[in-house]
Amino acid sequence: MTSIATVILGAGMGTRMKSAKPKVLHEIAGRPMVSHLLGTVAELNAEKSIVVVAPSMQNVRDVVAPATIAVQEEALGTGHAVAAALPELDGFEGDVLVLYGDTPLMTLDTLQKMIDKRREDDATAVVVLGFEPDDPLEYGRLVTAEDGALSAIVEYADADTATRTIGLCNSGVMAINGKYIAELIGAVDNKNAKGEYYLTDIVEIARNKGLKAQVVIGGEEELLGVNNREQLAEAEKIAQGRWRTAAMREGATLIDPDSVFFSHDTKLGRDVVVEPNVFFGPGVTVGDNVRIKANSHIEGTTIGAGAQVGPFARLRPGADLGPNVKVGNFVELKKATLEDGAKVSHLSYIGDARVGAEANIGAGTITCNYDGYDKAKTDIGAGAFVGSNTSLVAPVKIGDGAIIGAGSTVTREVEADALMVERAEEIQKSGWAARFRKMKAKLNK
Ligand code: UD1
Ligand code: MG
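Residues numbered from 1 in each chain as written. Chains lettered and ligands numbered in written order. Predicted model: local features only at pLDDT ≥ 70, side-chain atom pairs only at ≥ 80, totals over all residues. Heavy atoms only, no water.

Next up on the list: the site of ligand 1. Neighbouring residues of ligand 1: 23 residues in total, closest Q72, T78, Y100, E155 and N170. One of the backbone N or O atoms of L76 is found 3.3 Å from an oxygen atom in ligand 1. Between ligand 1 and the protein, one listed contact pairs an oxygen atom with a side-chain N or O atom of N227 at 3.2 Å. Protein contact buries 90% of the 760 Å² of open area that ligand 1 shows by itself. Listed by contribution, the elements that provide at least two residues to the shell around ligand 1 are α3 (78-85) and β10 (169-177). Among the residues making up the shell around ligand 1, the classes are represented as eight nonpolar, 11 polar and four charged. (Near = heavy atom within 4 Å. Polar contact = N/O pair within 3.5 Å; in protein donor to acceptor, adjacent residues only side chain to side chain. Areas by Shrake-Rupley, 256 points an atom, 1.4 Å probe, with all protein chains shown as cover. Helix = DSSP H or I, 4+ residues; strand = E, 2+ residues; numbered from the N terminus. Nonpolar A, V, L, I, M, F, W, Y, C, P; charged D, E, K, R; others polar.)

The structure is reproduced here in structure tokens:
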């Protein structure tokens, strides 16, 4: 069995993105483009996984660790970028898959087809992944011979009018025979319209050496190259479509799929119902039979089976909802554990807290967890009842089964099963309102 090495090119700054951030770190479904690719190639069990970066891209190195890094000193073209990875491939004779960091939606299936095609014939030096987009834009064009083999790749900038009418385009992905990669890349020059070392030139170089080049055709969607923000949005749309379909296939109901946004790692159980306009940030796991009502924003959260969330709930990192918990409208949770069956039904902020099983938190309850310097914890016991509009000034503890009267500001520990009320005495003056109105009416005559 021949082994595989992968080389992901990410050293271009991506000037068309107009961004301070390297292009391959722009995110799709909450994950950098380059990480999507690394996730896909991981399934190939490659012997080596190399990412080519520019010297300044410490942030890309951090994101792709522990992949092997090759540094391309100057961005002189895609051929020059692969050359930067060659020292890492010294002595490697398997198949080298070259991927562009700005083509993040590649599927494993397609990569496997390319490897299979490369292995059909040892004289096949290069297999290029082509596609036929509706609009071929400025993609490089694939020139094929009568037998379907690949003759050359012509970059848009170098193509004459006739070549530009070719609909078959270069996706950028290649499978290269490791035995020949060094000599092919070594022969690439920069005599072209852009003055760059084009990786695409290795097709003609291989053919001139009597070696073969072939094409595998992939789908337009998976091969979208992201060069600007519009294409980034297009890639996001495609990725979201994939996640929505996967969620429904796994047994979740999405009432309006197009209005639900997933992260790459969102996990939904069976018989989950997601109402319209729900956004899942990274790190969300949802148990079976959960209903997430409209307009909720959820990230870094675990939701237990049978829970109900929203509408208009905001669940922030560290929210951990046990089974059958209820979180209602305009409730914000952060670093808060809600144990089995606890309820926070309306208009509350619960942060740095534990809410015990079956406790009921009244409307407008706020955990005052921050004094401007430090965060402190609130601990609410099982079965406690916190009346509406209560301020819980942390650190503070409410015992199991305690009842807090509405409108209280709680600063000291409340014992189990106690009643705690903090409230000014009520005053009532009979007839006062009527006398007041009479007096005002006279004065304003
Ligand atoms: C490239 C192809 C084109 C293809 C298109 C598909 C070449 C010469 N052209 O054009 O045929 O249709 O992709 O999307 O290959 N990079 C480096 N170092 C460099 C230059 C680029 O690492 O010196 C990296 C970039 O970070 C990027 C990838 O290579 O991830 C592609 O570069 P880009 O400039 O986007 O090439 P395209 O013009 O899109
Ligand atoms: Mg590109």
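Past the structure itself, the notes keep going.
For the magnesium ion (ligand 2), every protein donor is listed as D102 (OD) and N227 (OD1), and the spread of their distances is 2.3 Å. Of this pair, D102 sits in the loop between β6 (95-100) and α4 (108-120) while N227 sits in the loop between β11 (212-217) and α8 (229-249); the two residues are 125 residues apart in sequence, bridging distant segments of the chain. When sorted by exposure, D102 lands in the same class as N227, which is buried. (Donors = N, O, S within 2.8 Å, 3.2 Å for Na, K, Ca; no water. Buried < 20%, exposed > 50% of the residue type's maximum accessible area, 1.4 Å probe, protein only.)

All right, on to the environment of K293 then. Relative to the elements of secondary structure, K293 occurs in the loop between β18 (291-292) and β19 (297-298). Classification of K293 as partly exposed rests on a relative accessible area of 22%. The sequence separation of K293 and D320 amounts to 27 residues, and the corresponding C-alpha distance is 17 Å. Beyond its immediate sequence surroundings of up to four residues, K293 is in contact with E275, V278, Q308, V309, G310 and P311. Within the structure, the side chain of K293 is placed 3.4 Å from the side chain of Q308, a separation counted as a polar contact. (Contact = heavy atoms within 4.5 Å.)

This part covers a negative patch on the surface. On the surface, a cluster of negative charge is contributed by D134, D135, E220, E221, E230 and E234. As for its placement among the helices and strands, E234 is situated in helix α8. (Patch = residues over 30% accessible without salt bridge, like charges linked within 9 Å, V, L, I, M, F, W, Y side chains within 5 Å. Salt bridge = Lys/Arg side-chain N within 4 Å of Asp/Glu carboxyl O. Lys, Arg positive; Asp, Glu negative; His and termini not counted. Charge placed at Lys NZ, Arg CZ, Asp CG, Glu CD.)

Another aspect to go through is the domain arrangement of the chain. Per the domain assignment, the segments making up the chain are domain 1 (4-223) and domain 2 (250-420). Distance between the C-alpha centres of domain 1 and domain 2: 47 Å. Contacts between the two partners involve four residues from domain 1 and, on the opposite side, four residues from domain 2. Where domain 1 meets domain 2, there are zero salt bridges. Inspection of the domain 1/domain 2 interface yields one residue pair in polar contact (both at pLDDT 80 or more). When grouped by side-chain class, the residues that make up the side of domain 1 that touches domain 2 number one nonpolar, two polar and one charged. (Domains from an automatic or database assignment.)

This part covers the pairing of strand β5 (residues 68-71). Where strand β4 (residues 48-53) and β5 come together, four bridges link them in parallel fashion. Residue pairing for β5: I50 is matched across the bridge by T68. A crossover links β4 with its parallel partner β5, the connecting element being helix α2 (residues 58-64), and its sense is right-handed. (Pairing = 2+ DSSP bridges. Right-handed = clockwise from strand over helix to strand, strands pointing away.)

Looking now at the pattern of salt bridges. A complete count under the given rule lists 14 salt bridges for this structure. Among the ionic pairs, D95 bridges to R119, the shortest N-O distance being 2.7 Å. Taken as a pair, D95 in strand β6 and R119 in helix α4 lie far apart in primary sequence, 24 residues in all. On the accessibility criterion, D95 (0% relative accessible area) is buried.

One finds V98 and V126 to be the most contacted residues of the largest nonpolar core, which totals 80 residues. Once residues lying within four places of it in the same chain are set aside, the contact partners of V98 are V7, L9, V82, G172, V173, M174, I176 and L199. Membership of the second largest hydrophobic core comes to 47 residues, among which are V286, V290, A359 and M420. (Core = buried A, V, L, I, M, F, W, Y, C linked by side-chain atoms within 4.5 Å.)

Here we come to a nonpolar patch on the surface. On the surface, F385, I403, L419 and V421 cluster together into a nonpolar patch covering about 370 Å² of accessible area. With respect to the helices and strands, the residue L419 is situated in strand β34 (residues 419-420). Residue class for L419 comes out exposed when judged on its relative accessible area of 61%.

Before going further, it helps to spend a moment on the pairing of β6. In terms of burial, β6 is a largely internal element, six of the six residues being buried. Pairing between strand β1 (residues 4-9) and β6: six bridges, direction parallel. Bridging from a neighbouring strand, T6 pairs with L97 of β6. The sheet contact formed by β6 and β10 spans four bridges and is antiparallel. Each bridged residue has a counterpart across the sheet, and for V98 the counterpart in β10 is M174.

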